[in-house]
Every structure is written in structure tokens, then in C-alpha cells.
Amino acid sequence: MSDNRLSVFKTYKLYVGGKFPRSESGRVYEVTDSKGNWLAHAPLSSRKDARDAVVAARKAFGGWAGATAYNRGQILYRVAEMLEGRRDQFVREVGEAEGLSKSKAAAVVDAAVDRWVWYAGWTDKIAQVVGGANPVAGPFFNLSTPEPTGVVTVLAPQESSFLGLVSVIAPVIATGNTAVVVASEKAPLPALSLGEVLATSDLPGGVVNILSGKAAEMGPHLAAHLDVNALDLTGADADLARELEIAAAGNLKRVLRPRAEEDFTAAPGTDRMTAFLETKTVWHPTGSLGASGSAY
């Protein structure tokens, strides 16, 4: 066999509605490694791509929110299995994106896989932590249970291209929300490859939609979109975050503000899950007898 093979360059595409479209505009932009060497051309998403992603996320929301928490946990665990199987690819992509040695990149990827498993274990437990039975004066049960907020736009971290990415996506979908994710502008390739993993796991199409491009270009449209219920602004700088918060006020979106110098290697806690949960309280008669002897 000849050693003179042509290089087969990978074509990176968006992940929207369980499919891999090119950007509607046909635009791309150059992605380089930490030393400025060319890696690939990534799709430069347009406003239309963002709208398509919201439509896909809304369409998937009912089925995903209505799935049992146990089933969501199984699916998230399956994603972790698929990530483990493509570990070498992600080690290379993360190393190139973040300028890390192979051993340090491997540690980041392993931590990201572990993070998926961690959130997979929380899907059927978070309700016991934030819900419960409330004491009331009267022959009633009063139960508070968490429910997903809806469609969440997530601006992924700019520097932590994979561990940070996983840390903001997994809690959103673990609790039954669907997500429109704007990947790191300068290092989008691990996010676009994650789309390939999600497509080959059991995750229904549309639950996670991944766009690459400029957060400053897509963010205002997503923040003002009336079918987006919440924003995670982790990847936005201070000026953009303020602009998007103002736009989000138009339909009272939940907003999770960026945190200064967030350490994604630290134990995550439950706050990213509870940030996008609503509480439903239900009253129900206990069936005890009243003074007249009749049952409620």
C-alpha cells in the first residue's frame, strides 16, 4: 500500500434537531489552535440557524420533560459511554483547542465524562432534594414538585471548551429542559464533536442543539425570542451579559449570570440544576372524615 495518501479533513457541521445542517447562510470561519495553526472551518451560524434550533428544542421539550427521570438518567449515562469510546478524539481536540499537553487534555476529558455520569445519577434524585410534602392546617396533602422551565439558551464557556461545556449542558437536560447551545467561539470543535456523540446515543433529536459562531451575533436574538424560557450566560462577557439580561426581561426569562473565574474542576453542586426548575404545588384531599361524617 502507498503511504502517499490524501489528507481527509473533517467537515464540522451544526447539530440541530438531531441532524447536521451546514449554516443556513453558508458562512464559515477559521478555527486555529493555541499557536495559531489552522484546524478547521466551523459553521458561522446565522439568526435563522438560531431560530431553527429554538423550534427543534421546543418540539422536543414535551417528550423529554415527560420522560421518567430514570429514563433520562439512563440516556445521560449512555452519552458518557459514547464519550468514553471516543476519548482519544476528544483528548486531541481539547489539547489543540486549549493548548494542553496530551496528559492534561486526557485529565480534562476524563473529568468531563465523570461529570456526565454525576449528572446522570441526579436525574431521579433532584426532586427529593428540592421537592417535598408541606405541612398544612387541614385534611389535605400539599406537595411541591420541581418541573423543567422549558427551552434554555446556553452560552458555553469561552475558555473551557469541553469540561465547561459539559458542565453547563448536562444540568439543563438532566432536569428535563431542552437546550440551544452557542459553543465557544474560538474553540468550537469539541462542542461540534459532542453533537456527533449525542446523535449516536439515545438522546432524542432536538433536546440539545449546538451552534457555532459569534455569541454577540446570535445572543440578542435568542435572548429576545419569546419561545426561549431561560438563559445561561456563562460564556458572555460583562457587556454582552448585561445586554442579554435587558433583552430577556421582555418575557421574564430566568437568567443565570456569568460567574467570575468559575472553576469547572470543582464539585458542581446542584445549583445549575435548580436554576432552571419551576416548583409546582398541588393540594389534594386526604380522605379523612369531616364533622358530619362525610369524606372529603
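Everything below is about the structure shown above.
Residues numbered from 1 in each chain as written. Predicted model: local features only at pLDDT ≥ 70, side-chain atom pairs only at ≥ 80, totals over all residues. Heavy atoms only, no water.

1. Topic: the sheet that holds strand β5 (residues 151-155)
1) Next: Ordered by their spatial adjacency, 5 strands build an open sheet running β7-β6-β5-β8-β9, and the pairing between neighbours is parallel. Strands with a single pairing partner mark the edges of an open sheet, and in this sheet they are β7 (208-211) and β9 (254-256). Going across the sheet, the axis of each strand differs from the next one's by a mean of 15°, ignoring polarity.
2) Next: Where β5 and strand β6 (residues 178-182) come together, 5 bridges link them in parallel fashion. Bridging from a neighbouring strand, Leu155 pairs with Val182 of β6.
3) Next: In the packing of helix α1 (residues 47-66) onto the sheet, the strands contacted are β5, β6 and β7, and the crossing angle to β6 comes to about 155°. (Pairing = 2+ DSSP bridges. Helix = DSSP H or I, 4+ residues; strand = E, 2+ residues; numbered from the N terminus. Axes fitted to C-alpha atoms, helices over the stretch in contact; angles between N-to-C directions. Contact = heavy atoms within 4.5 Å.)

2. Some remarks on the pattern of salt bridges
1) Next: Counted by the stated rule, this structure contains 18 salt bridges.
2) Next: As a salt-bridge pair, Arg257 and Glu245 come within 2.1 Å of each other at their nearest N and O atoms. Residue Arg257 is found in the loop between β9 and α10 (271-274), and its partner Glu245 is found in helix α9 (residues 238-248); the two are separated by 12 residues along the sequence.
3) Next: Overlapping salt bridges, with partners in common, bring together Asp232, Arg259, Glu262, Asp271 and Arg272 in one network. (Salt bridge = Lys/Arg side-chain N within 4 Å of Asp/Glu carboxyl O.)

3. Observations concerning the packing of helix α3 (residues 87-98) against helix α7 (residues 189-199)
1) Next: At a minimum axis distance of 9 Å, the contact between α3 and α7 shows a crossing angle of 160°. Taken together, the axes of α3 and α7 are roughly antiparallel relative to one another. As for how α3 packs across α7, the hand of that crossing is left-handed. Within the contact between the two elements, α3 uses Gln89, Phe90, Glu93, Val94 and Ala97 and α7 uses Leu189, Pro190, Ser193, Leu194, Glu196 and Val197. (Parallel < 35°, antiparallel > 145°, perpendicular 65-115°, else oblique. Left-handed = near helix turned anticlockwise from the far one by under 90°.)

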